[in-house]
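What follows is each chain in one-letter form.
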Amino acid sequence: MYGSPNGPSSGRPLTAADPAAFRSVLARFATGVVAVAAAEPGTGRPVGLVANSFTSVSLDPPLIAFCVAHTSTTWPRLRDADLLCVSILGEAQLEVSERLALRGGDKFAGIGWTASPGGAPMIDDAIAWIECAVEQEHVAGDHMIVVARVLDLAEHHEGAPLVFYRSSYGTFS
């Protein structure tokens, strides 16, 4: 049974979770890793970030979502692009993930990519890609939930996904 507005059905009042415990518990949920990239409006240069908070939202219409920290310096550079390309990273792409997670600099230096059908950067050798356009942003605590409409997508390469679990990268076996 779900708790009432005044607390759980056990009668205990709701309290905020300890941040360290919250992070430790949620780290036990394995996630895939995606690169979110666009041609930067104004310059046309590739710009991107990495996310492990990615999910499908709806089949009709086709929607996906990912979360971005408010402290991201890359999201403001991606937000106004007409198209984004989400590349689902494979187990051999740990270096791509680490590079796109860096702050500042040319994150795409040394990363192979080609243009998606609409022109957004698609990471070479990703196991799949999804071309999309931002539809909504929702403030959620210290992150922004971004909802995007899927415009095109395809499986790209065979292979196992890059997995993030307990604050480390791994593979699926």
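The name recorded for the protein chain in an unreviewed UniProt entry is Flavin reductase family protein, from Actinomadura syzygii. Under Sequence similarities (unreviewed entry), UniProt gives the following word-for-word description of the protein chain: "Belongs to the non-flavoprotein flavin reductase family."

> If you had to explain the layout of surface pockets to someone new, which residues and values would you point to?
Approximately 1300 Å³ is the volume attributed to the largest pocket. Along its surface, the largest pocket is lined by 33 residues, and Arg23, Asn52, Ser53, His143 and Phe164 are the ones closest to its centre. Looking at the lining of the largest pocket, the elements that each hand over two or more residues are helix H1 (19-26), strand S3 (46-51), strand S5 (62-69), strand S10 (143-155) and strand S11 (162-165). Residues of the lining of the largest pocket, tallied by class, amount to 19 nonpolar, nine polar and five charged.

> An account of the confidence of the model for the protein chain is needed here, citing residue identities and associated values.
Of all residues in the protein chain, 90% have pLDDT values of 70 or greater, and the mean over the chain is 89. Ranking the helices and strands of the protein chain by mean pLDDT puts strand S6 (residues 84-88) first, with 98, and strand S12 (residues 168-171) last, with 76.

> Which residues make up the nonpolar core, and what values go with them?
With 20 residues, the main nonpolar core has Val36, Phe66, Trp75, Leu78 and Leu84 as its most contacted residues. Where this core is concerned, the elements lending two or more residues are strand S2 (34-39), S3, S5, helix H2 (75-78), S6, strand S9 (128-140) and S10. By residue number, the principal contributor to this core is S10, which donates four residues. Ignoring sequence-local partners within four residues, the contact set of Leu84 consists of Val36, Ala37, Ala38, Phe66, Trp75, Leu78, Ala120, Ile130, Glu131, Cys132 and Val134. Counting residues in hydrophobic clusters, the runner-up holds 11 residues, among them Ala35, Ala37, Leu89 and Leu100.

> Outline the sheet that holds S5, supporting the account with residue identities and numerical values.
Taken together, seven strands build an open sheet; the order of strands is S3-S2-S6-S9-S10-S5-S4 and the sheet is antiparallel. Across the chains shown, the open sheet's two edge strands, defined by having one partner strand only, are S3 and strand S4 (54-59). When the angles between neighbouring strand axes are averaged without regard to direction, this sheet yields 35°. Here six bridges tie S2 to S3, and the two strands are oriented antiparallel to one another.

> Residue-level account of the packing of aromatic side chains, with values.
Describing an aromatic ring pair means giving the distance of the ring centres and the angle of the ring planes. Scanning all chains against the criterion turns up three aromatic pairs. Ring plane angle 80° and centroid distance 6.3 Å describe the contact between Phe108 and Trp113, whose orientation is recorded as edge-to-face. The exposure class of Phe108 is buried, given its relative accessible area of 6%. A ring pair is formed by Phe164 and Tyr169, whose centres lie 5.2 Å apart and whose planes are at 70°; its orientation type is edge-to-face. Residue classification places Tyr169 among the partly exposed positions, given a relative accessible area of 31%.

> So what's going on with the environment of Phe29? Which residues, and what values?
Its location among the elements puts Phe29 in the loop between H1 and strand S1 (31-32). The exposure class of Phe29 is exposed, given its relative accessible area of 61%. Sequence separation between Phe29 and Gly118 is 89 residues, and the spatial gap between their C-alpha atoms is 33 Å. Excluding residues that lie within four positions of it along the chain, Phe29 makes contacts with Phe164 and Tyr165.

> Before we move on, could you go through the pattern of salt bridges and cite the residues and values that matter?
One pass over the structure, following the stated rule, counts four salt bridges. Between Glu137 and Arg79 there is a salt bridge, and its shortest N-O distance comes to 3.0 Å. Residue Glu137 is found in strand S9, and its partner Arg79 is found in the loop between H2 and S6; the two are separated by 58 residues along the sequence. Judged by relative accessible area, Glu137 falls into the partly exposed class, the value being 29%. Overall, Arg79 belongs to the partly exposed group, its relative accessible area being 29%. Put simply, Glu40, Arg45 and Arg77 are held in one network by salt bridges that share partners.

Criteria and thresholds
- Think of each chain on its own: its residues are numbered from 1, step by step along the sequence as written.
- Where local features are concerned, this predicted model is filtered to residues with pLDDT of at least 70; where side-chain atom pairs are given and counted, the filter is 80 or more; whole-chain, interface and lining totals use all residues.
- As a rule here, side-chain values come from all non-hydrogen atoms in the structure, and water together with hydrogens is ignored.
- UniProt positions are given in the numbering used here, feature names are shortened, and annotations may be inferred rather than shown by experiment.
- Buriedness of a pocket was judged along seven lines, with at least five required to meet protein on both sides within 12 Å; pockets are open sets of points on a 1 Å grid over the protein atoms alone, cavities are sets where a 1.4 Å probe fits but cannot get out, and lining residues have an atom within 4 Å of a point.
- Grid points are joined across faces, edges and corners, and a volume is the space filled by probe spheres set on the points.
- Note on conventions: DSSP H or I runs of at least 4 residues are helices, E runs of at least 2 residues are strands, and numbering of each starts at the N terminus.
- Gly is placed with the polar residues, together with every amino acid not listed as nonpolar (Ala, Val, Leu, Ile, Met, Phe, Trp, Tyr, Cys and Pro) or charged (Asp, Glu, Lys and Arg).
- A score between 0 and 100, pLDDT records how confident the predictor is in each residue.
- Here, nonpolar core means buried Ala, Val, Leu, Ile, Met, Phe, Trp, Tyr and Cys residues that are tied together by side-chain atoms lying within 4.5 Å of each other.
- For every residue, the accessible area obtained with a 1.4 Å probe (protein chains only) is divided by the maximum for its type, and the residue is called buried under 20%, exposed over 50%, and partly exposed between those limits.
- Contact definition: two residues touch when any of their heavy atoms are within 4.5 Å.
- The criterion for strand pairing is that DSSP finds at least two bridges linking the strands in question.
- Axis lines are fitted through C-alpha atoms, for helices just across the contact stretch, and the angle between N-to-C directions can take any value from 0 to 180 degrees.
- Classification of ring pairs uses Phe, Tyr and Trp, with its six-membered ring standing for Trp, and accepts pairs whose centres are within 6.5 Å; under 30 degrees between planes counts as stacked, over 60 as edge-to-face, and the remaining range as tilted.
- Salt bridges are defined by distance alone: a side-chain nitrogen of Lys or Arg within 4 Å of a carboxyl oxygen of Asp or Glu.

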